[in-house]
Amino acid sequence: MTARHDETFEVERYELSSPPTWRFALERRTFLAIFATVGSGLLVAATQARGQESGRTGSQGSAPTDVKAWVHVSEDGRITGYTGKTEIGQNIRTSLAQAIADELHVPLDRVSLVMADTDLVPFDQGTFGSLSTPRMAPVLARAAATAREMLLDRAAAQLGAPRASLTCDAGQITGGGRNVGFGDLVKGRQLTGVVPADAPLMPRSAWKVRGTPAPKVDGRRFVTGEHRYTPDLTRPGMLHGRMLRPPGYTGTLTTVDDSGARGMDGVTVVRDGTFAGVVASSARLARRAASAIKAEWTVPDGLPTATTLYDHLKATASTAAGGRGSTPTQTGDPAKARTAAARTFAATYRIPYIAHVPLEPRAAVAEWEGDRLTVWTGTQRPFGVRSELATAFRIPEDRVRVIVPDTGSAYGGKHTGEQAVEAARLAKAVNRPVKVVYSRPEEFSFGYLRPAGVIEIAAAVDAEGRLTAWEFDNWNSGGAGLATPYDVPNVRTQFHAAESPLRQGSYRGLASTANHHAREMHMDAIARALGVDAVEYRLRHLTNDRMRAVLQAAARGAGWPKPSVDGRGLGIACGTDKGSYIATAAEVSRTDNVLKVERLVVAYECGAIVNPDGLRHQVEGAIIQGLGGALFEAITFANGAITNGNMAKYRVPRFKDVPSIELLLLDRPDLPSVGAGETPIVCVAPAIGSAARTFGAVADALPVRFA
Amino acid sequence: MPTYTLRINGTAHDVQADADDTLLSVLRDDLDLVGARYGCGEGQCGSCTVLVDNRAMRSCVAKVSAVAKAQIVTIEGLATNGVLHPVQQAFLEVEAFQCGYCTSGMVMATVALLRTTPSPTDADIARVLDRNVCRCGTHTRIVRAVHLAAERLRAVTPSAGADGRLGEPALPQVAQEAQR
Ligand code: FES
Ligand code: FES
């Protein structure tokens, strides 16, 4: 056995014939912290098995350490899972607990999760890429399964019954006419275990809890308003902070007259280099104090605007900046194929910046105890934010604790910790806990955005209309989903990094949404120009069965090629991302120049369906979010300021915008389940764009508008 | 700074605030009633919705001085003795939320809607709840929850009174004489 352990613990291992395939160092400090918090019991640590579930092949010999989890069985028989994942509305507090409950044969209410508390959970890179459940659930399940086996070992000894004769149900192990509870088996001990490499998981057919629509853990706290998101937290002696900001998204502070604020009772002005903010006894007072400060800012001239943006991106492109997809991928000779082609089709698609607009804005509560810092904040990367804080204050990471309350969503928009750093700096100045809550305009201007981009496609077809060349260049919006799923002999794709005038970062579906939009709009345009049915044209170029299946299902469901009501337009798009397949058919109507989406028929396949109800919930959420980018959303900016940075001007989908959505879920029990929270967004815009073309030419930019 | 007596969830609270301070800031900062959420502060998202004299109002744009005489009910005042209001119960059963940040406002807006429209159509629901944003895209489930709540409330009082009072649990009120 090669796993290392800490000698201060009584170590027990569930011994299997094959050794673990990685070395695992127990995080001793954290384990001690957990035992100190929850008392004695059994603690099992698990990490992701090589190549597990994700379909990735881990490089030989290197232990994948990016997904870890612990399971604790306490003296009172309660089970706690520890994970660095955050609950941001994707319901993993429930679905991960289900995985644990199943393997330990206990009812769901016996299990709870400690999530995203850096002092108590194993390191985690972050909650993104819709991978939380598909990758974390099996790890927790493995830990739970190992805990179960260790409990069975102990029970066999304690009951004096043959191990094989034992049964385990509802936290009790029975054998030889007697039974013993989980809690009694671990009483007064600090037992630890490490999961063997091939810890067997239950076959899916044996699942009792997983895959069933369990009521959301803590659901009641949301309908009663009791749940406290970060903006709702209070700490004893807590004060309220507010930052001094430039009027736009950028600017350098030149002069400050803070006498107005300093004169206010209960107000502290905090200045540190370019950092300026106020702390006050109430949030209202902090707001008043901040606006009493007279500050002047210089904003550089000639900054790009929403109109000059696309030229700017192309002009600043540099292959040196690198990034995924920046090395061109080429098969065949597309340039040559184009010169030999019967027809060529070239177009440029422009993708604007869009904002995540999570309803819970950035917020943080920071508290210092000597040189130890605790910050509560809504983030998808608690450990990343811990690093940011450690760097900002030049203290070791182990003196920083980040705790993430279940958060009012993120959609990829909460990877960073600026709010945490700001609250911590203010708290340090006044030596009291300080809360900072971004206003909605601050959230627009000082968060980050989904990247804008320019996409150029040059395609060519032969005399029969078959695609012979496909050249695809993406400036700035990102390198995911660049490749075309269609059969084309000569292909070149490339991502060009560029200088983004606005702060940009992750977003649900990210680059894939932009790349899908351009590619599918282009396929649609070619089919139209050739006078070929758009579904038929795609099928001629598709050999992937999964893609064909979703495309055909959506077309059939929508009644392709006729809309369900005369006078409407019907459009379609298909694609694949992160291992799942999607096709979306959109039916739209036009009144004057206004497009209305009347109906969406969506076929989706993400491997085996575990929980159809939960899946629908996620898929619908992604589709509705996609409606915003398709129909209204685009950040406008000029002179260093975002000009539509509030909810009155920046419209997100509302009830009246939501069409009837028919969801066709294709089950592939023979394939592993992959994350579903992102991919369904990618075909919404091109399906709508294609449908809009029924009524006339559409512009080459998102959101979809008539040209 | 003037003192206002606000009648919230059946209790009178004296708060010191400027006349144009918002009800939301008083609820959250002075009274620690944080179930009404801050989402935009501009009356656009509805996550701060409370009932003011039985009507849905966005507390982030309601001035304290304007609601000083009213009966205010927040999400914290809906359940009675631990029993959820039928609208809360319906949202819970249908699980009409993902992150839940919009839920307080959606529930309060629904309570108000069902008081005037006991049998809302999908179009009625969309028209009224259009002022509330759910960024997670839970719309279809929310509509389902509203219908379920309406059905339950109608079952309690098959014939809603002409005044629109339904058979829902009485919401907390502060009697006039209870005021100082
Ligand atoms: S916070 Fe009041 S409407 Fe958004
Ligand atoms: S559930 Fe997240 S905003 Fe509605």
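Everything discussed here concerns the structure shown above.
Trainee: Looking at this structure, I do not really get the interface of chain B and chain A. What am I missing?
Mentor: Accessible area lost when the parts come together is the quantity often used to give the size of an interface. Contacts between the two partners involve 54 residues from chain B, matched on the other side by 52 residues from chain A. Summed over both partners, the interface of chain B with chain A buries about 4400 Å², with 53% contributed by carbon and sulfur atoms. Sorting the residues of chain B by area buried against chain A places Gln98(B), Tyr101(B) and Arg135(B) first, and these three jointly supply 19% of that buried surface. Summed over the shared surface of chain B and chain A, the number is 9 salt bridges. Its salt-bridge partner being Arg284(A), residue Asp21(B) comes within 2.9 Å of it at the nearest N-O pair. Those elements that place two or more of their residues in the side of chain B that touches chain A are helix 1 (23-30), helix 3 (86-94), helix 4 (103-116), helix 5 (122-129) and helix 6 (139-156) of chain B. Across the side of chain B that touches chain A, the residue classes tally to 22 nonpolar, 17 polar and 15 charged.

Trainee: Mind showing me how you'd approach the sheet that holds strand 4 (residues 55-58) of chain B here?
Mentor: Consider a sheet: its strands pair through backbone hydrogen bonds, and that pairing is either parallel or antiparallel. Residue and element names in this part refer to chain B. An order of 2-1-5-3-4 is seen for the 5 strands of this open sheet, with the pairing classed as mixed. Edge positions in the open sheet fall to strand 2 (11-16) and strand 4, since each of these has one partner strand only. On average, each strand axis in the sheet is inclined to that of its neighbour by 40°, with strand direction left out of account. The sheet contact formed by strand 1 (residues 3-8) and strand 5 (residues 71-73) spans 2 bridges and is parallel. From the neighbouring strand, Arg7 faces strand 5, where its bridge partner is Gln71. Each of strand 3 (49-52), strand 4 and strand 5 is contacted by helix 4, which is oriented at about 30° to strand 3, the strand it contacts most.

Trainee: Quick question: what am I supposed to make of the side chain of Gln625(A) here?
Mentor: Relative to the helices and strands, Gln625(A) resides in helix 16 (residues 612-631). A relative accessible area of 2% places Gln625(A) in the buried class. In this structure the side chain of Gln625(A) is engaged in a polar contact, spanning 2.8 Å, whose partner is the side chain of Arg508(A). Once you skip the residues sitting within four places of it in the chain, Gln625(A) turns out to touch His356(A), Tyr411(A), Tyr507(A), Arg508(A), Glu633(A), Ile681(A) and Arg135(B).

Trainee: Is there a simple way to explain helix 6 of chain B in this structure?
Mentor: Residues separated by three or four positions in an α-helix point in the same direction, a consequence of the helix having 3.6 residues per turn. Over its 18 residues, helix 6 of chain B extends 26 Å from the first C-alpha to the last, a length consistent with the 26 Å expected when each residue adds 1.5 Å. Every buried residue of helix 6 of chain B is accounted for by His139(B), Arg141(B), Ile142(B), Val143(B), Ala145(B), Val146(B), Leu148(B), Ala149(B), Ala150(B) and Leu153(B).

Trainee: Sorry, what's going on with unusual backbone geometry here?
Mentor: Note: most peptide bonds trans; most residues except glycine with negative phi. The omega torsion across Trp560(A) and Pro561(A) is 5°, close enough to zero to call that bond cis. Following the sequence through the fold, Pro561(A) ends up in the loop between helix 15 (545-558) and strand 24 (569-577). Of note in this structure, Asn431(A) is not a glycine but carries a positive phi near 55°. The topology assignment puts Asn431(A) in the loop between helix 11 (418-430) and strand 20 (434-437). Backbone geometry places Glu95(B), a non-glycine residue, at a positive phi of 50°. On the accessibility criterion, Glu95(B) (12% relative accessible area) is buried.

How each quantity is defined
- Residues numbered from 1 in each chain as written.
- Chains lettered and ligands numbered in written order.
- Predicted model: local features only at pLDDT ≥ 70, side-chain atom pairs only at ≥ 80, totals over all residues.
- Heavy atoms only, no water.
- Contact = heavy atoms within 4.5 Å.
- Buried area = accessible area lost by both parts, 1.4 Å probe.
- Salt bridge = Lys/Arg side-chain N within 4 Å of Asp/Glu carboxyl O.
- Helix = DSSP H or I, 4+ residues; strand = E, 2+ residues; numbered from the N terminus.
- Nonpolar A, V, L, I, M, F, W, Y, C, P; charged D, E, K, R; others polar.
- Pairing = 2+ DSSP bridges.
- Axes fitted to C-alpha atoms, helices over the stretch in contact; angles between N-to-C directions.
- Buried < 20%, exposed > 50% of the residue type's maximum accessible area, 1.4 Å probe, protein only.
- Polar contact = N/O pair within 3.5 Å; in protein donor to acceptor, adjacent residues only side chain to side chain.
- Expected span 1.5 Å × (residues − 1).

Nothing here speaks to function; it is all geometry.
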